[in-house]
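This is what each chain is made of:
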Amino acid sequence: MQKKLSTFWKSFLLFALLFFAATSGALFISDAFNPKTPNFGKLWEILLLVSVGLALIVSIVLEVTRRRERNHINLFIEKMRAMQAEESDTGGKVLLRPDDPLAPLANAVNDVQSLNQRRMHLLQQQASILNALLENMPLGVLRIKPNHEIVQTNDQARHMLRLPDDVLGKSYENVFKNHQLLMLVNEAFATQQDVRGQVTLDQLEVDVFVTYYQLGENENEALILLYDMTEINRLQAMQADFAANASHELRTPLASIIGFSDTLLDGAQDDPEVRPEFIKIIHDEAEHLLDLTNDILTLAKTPRAEKQIESIELNPLVASIYRAQEPAAQVQQIQLLNQVSATTVVQQCKDDVQTILNNLIANAIKYNKPQGQVTVTAHVDQRQCFITVSDTGLGIPSDQQDRIFERFYRLDKSHNKKIPGTGLGLAIVHDLIESMHGTIQVESQVGVGTQITVALPNETRRDNLNNK
């Protein structure tokens, strides 16, 4: 069985024959001009050996050159395939001598490789930025192919829709559990237009926007954006309730003032028996209106970013509030007890602490029993200040204790005026304490009394830094 000769041996035989023929021809020509050439047979052996040697040397040189060029070409091919496959690591550059025949090709491949690496690096940066945006934006995001396959999503979307971790590659029809959402996405694919709507997902109210867009020729996708509207809707409802309640509370005293004023103008001012009574009613309603306006303005104030922190001696502060509330306490003969130590000092905003204590003490007096007591105690450590306002009053039913901090909420459902007030005092206290990063706790028993404990940060460290 004949074996196919390799390229090397073919070259060797070809060059051997050529060298032997050339040297033989030269020998015949020499013999023709010089018949006295000695030892003709010996010369043939020398010519054969020389031809074989030269052919071997030339064949080896050609084979080495051929293999080197083949290796270079294979390297070029590998690099081009790697660039075609968009691999980021395509190895180092191809280095050849400037006089190498393949040097221009190597330079061209190196230039293309550098350009490809820069392009891949830019694409990776853009992908990282996009992923960071998707994972940190307050929107749920899903990308869906026309074959209904989910190809991308973020944590917000998985949380809102309760999707499994292995959702990628699955059809949205198999993982979406909300019928309204399915209808919106199906409509977007059917009409190939943007669709928007609101759906309820468990306890969440979600605004859904499905946009149908074109990636390239004959290549489309749907992008689903989910925005949680629960908190916004809750705040809007609170604002609507607040506006309705505020309008009602403002209208009531204004109607009384106008009504009794009209009565006086119609002739009642000449009646010495009813005139003082009507004037007192107008005065009381005007004071109530002023208190209500002040409380609404207090609630509407934006919390200050930087508050003036100072050392507050709580005992004198409580005593001054007691003096201001003394007339209201004397009406029901309520005893005001200041059990705050004279050495109790807290580092906080004085205006905020005074507003909190003033509202808590005023409530404790208003909702107390005749001849009852109001007691204020406090203690301070390095981190917190604890202030407790206790009364022996009516008490708060357990089912209403969570609602007393709502705006305009009052225990008397009919909003009667037997107990004066705006219904905003505890709401102001709650908002202030929340802005100060404190806590408030209520303990109450109907017919026994109420104890409210406020815990405020003792801003000693911040005060020391400000002094420095």
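Only a predicted model underlies this, so the values are computations on that prediction, with no experimental measurement involved. (Residues numbered from 1 in each chain as written. Predicted model: local features only at pLDDT ≥ 70, side-chain atom pairs only at ≥ 80, totals over all residues. Heavy atoms only, no water.)

Quick notes on the pattern of salt bridges
Pairing between side chains becomes possible if they bear opposite charge and their charged atoms approach one another.
No. 1: Here the structure, examined in full by the defined rule, presents seven salt bridges.
No. 2: Here K145 ties to E221 by a salt bridge, and the two come within 2.9 Å at their closest N and O atoms. One end of the pair, K145, is in the loop between β1 (140–144) and β2 (150–153); the other, E221, is in strand β5 (residues 219–228), and 76 residues separate them in sequence.
No. 3: Among the ionic pairs, D155 bridges to R158, the shortest N-O distance being 2.1 Å. Of this pair, D155 and R158 both sit in helix α4 (residues 155–161), separated by three residues, roughly a single helical turn.
No. 4: A network of salt bridges, in which partner residues are shared, links R143, K145 and E221. (Salt bridge = Lys/Arg side-chain N within 4 Å of Asp/Glu carboxyl O. Helix = DSSP H or I, 4+ residues; strand = E, 2+ residues; numbered from the N terminus.)

Notes on the side chain of T388
No. 1: Positionally, T388 belongs in strand β10 (residues 384–391).
No. 2: According to the relative accessible area criterion, T388 is buried, its value standing at 12%.
No. 3: Of note is the side chain of T388, whose polar atom sits 3.2 Å from the side chain of T453.
No. 4: Residue contacts for T388: discarding those within four places in its chain leaves T375, V376, T377, Q451, I452 and T453. (Buried < 20%, exposed > 50% of the residue type's maximum accessible area, 1.4 Å probe, protein only. Polar contact = N/O pair within 3.5 Å; in protein donor to acceptor, adjacent residues only side chain to side chain. Contact = heavy atoms within 4.5 Å.)

Re the environment of V210
No. 1: On the secondary structure map, V210 appears in strand β4 (residues 204–216).
No. 2: Linking V210 and R196, residues 14 residues apart in sequence, is a C-alpha distance of 6.2 Å.
No. 3: Aside from chain neighbours lying at most four places away, what touches V210 is V185, A188, Q193, D194, V195, A222, L223 and I224.

Side note on the sheet that holds β2
No. 1: Spatially, the five strands line up as an open sheet ordered β2-β1-β5-β4-β3, and their pairing is antiparallel. Each having just a single partner strand, β2 and β3 (195–201) make up the two edges of the open sheet. For this sheet the average axis-to-axis angle between neighbouring strands, irrespective of direction, equals 25°.
No. 2: Pairing analysis gives seven bridges linking β3 to β4, with the strands arranged antiparallel. If you follow V199 over to β4, its bridge partner there is V206. (Pairing = 2+ DSSP bridges. Axes fitted to C-alpha atoms, helices over the stretch in contact; angles between N-to-C directions.)

Here's the deal with the nonpolar core
No. 1: In terms of nonpolar packing, the biggest core is built from 37 residues, with L314 and V353 touching the most fellow members.
No. 2: Listing elements by their share of this core, those giving two or more residues are α9 (314–331), α10 (350–366), β9 (373–380), β10, α11 (425–435) and β12 (449–457).
No. 3: The leading source of residues in this core is α10, at seven residues.
No. 4: Once residues within four sequence positions are removed from consideration, V353 is found in contact with I312, L314, L317, Q348, I387, M436 and L456.
No. 5: Within the second largest apolar cluster, 28 residues are counted, among which are M160, L181, A188 and V199. (Core = buried A, V, L, I, M, F, W, Y, C linked by side-chain atoms within 4.5 Å.)

Overview of the packing of aromatic side chains
Any aromatic ring pair is given by two values, namely how distant the centres are and how the planes are angled relative to each other.
No. 1: The final tally for this structure, using the stated rule, is three aromatic pairs.
No. 2: Ring centres of Y172 and F176 lie 5.6 Å apart, and the angle between their planes is 45°; on these two criteria the pair is classed as tilted. Take Y172 and F176: they sit in the same class, and that class is buried.
No. 3: With 5.8 Å between their ring centres and 85° between their planes, F189 and Y212 make a pair best called edge-to-face. You can see F189 sitting in helix α6 (residues 179–191) and its partner Y212 sitting in strand β4, a full 23 residues away along the chain.
No. 4: Overall, Y212 belongs to the buried group, its relative accessible area being 15%.
No. 5: Chaining the aromatic ring pairs together yields one cluster made of Y172, F176, F189 and Y212. (Phe/Tyr/Trp six-rings, centres within 6.5 Å; stacked < 30°, edge-to-face > 60°.)

Re α11
Structurally, the α-helix is built with 3.6 residues per turn, so residues lying three or four positions apart point the same way.
No. 1: Among the residues of α11, G425, L426, A427, I428, V429, L432 and I433 are the ones counted as buried.
No. 2: Phi turns positive, to about 60°, at H437, one or two residues after α11.

Some points on the sheet that holds β9
One key point about sheets: their strands pair by backbone hydrogen bonds, in either a parallel or an antiparallel sense.
No. 1: Strands sit in the order β7-β9-β10-β12-β11 across an open sheet of five strands; the sheet is mixed. Looking at which strands have only one partner, the edges of the open sheet turn out to be β7 (335–338) and β11 (439–445). Taken over all neighbouring pairs, the strand axes of this sheet differ in orientation by 10° on average, direction set aside.
No. 2: In terms of strand pairing, β10 meets β12 through eight bridges, oriented antiparallel. Bridge pairing in β12 links Q384 to P457.
No. 3: In this fold α9 packs onto β7, β9 and β10, with an angle of close to 175° to the strand it touches most, β7.

What about the pairing of β2?
No. 1: Bridge count for β1 against β2 is three bridges, and the pairing is antiparallel. Across the sheet, the residue bridging to I144 is I150, located in β2.
No. 2: Taking the residues that link successive antiparallel strands as the turn, the β1-β2 hairpin has five residues, and the phi of H148 there is positive, at about 75°.

Structural notes on the side chain of H148
No. 1: Within the secondary structure, H148 sits in the loop between β1 and β2.
No. 2: On the basis of relative accessibility, which here comes to 18%, the residue H148 falls in the buried class.
No. 3: Setting aside its immediate chain neighbours within four residues, H148 contacts K170, S171, Y172, E173 and F189.

Some words on the confidence of the model for the protein
No. 1: On average, residues of the protein score 78 in pLDDT, and 78% of them are at 70 or above.
No. 2: Under a pLDDT of 50 for its full length, residues 1–5 has, in the predicted model, three contacts with residues more than four places off or in other chains.
No. 3: Predicted confidence is poor over residues 461–468, with pLDDT under 50, and the contacts of this stretch with residues over four places away or in other chains come to four contacts. (pLDDT = per-residue confidence, 0-100.)

Examining the packing of α9 against α10
No. 1: Axis separation between α9 and α10 bottoms out at 10 Å; the angle between their running directions is 40°. Our classification of the angle between α9 and α10 gives oblique. Where α9 crosses over α10, the handedness of that crossing is right-handed. In this structure, α9 uses L314, L317, V318, I321, Y322, Q325, A328 and A329 to contact α10, whose residues at the interface are K350, V353, Q354, L357, N358, I361, A362 and I365.
No. 2: Here the residues of the contact of α9 with α10 sort into 12 nonpolar, three polar and one charged. (Parallel < 35°, antiparallel > 145°, perpendicular 65-115°, else oblique. Left-handed = near helix turned anticlockwise from the far one by under 90°. Nonpolar A, V, L, I, M, F, W, Y, C, P; charged D, E, K, R; others polar.)

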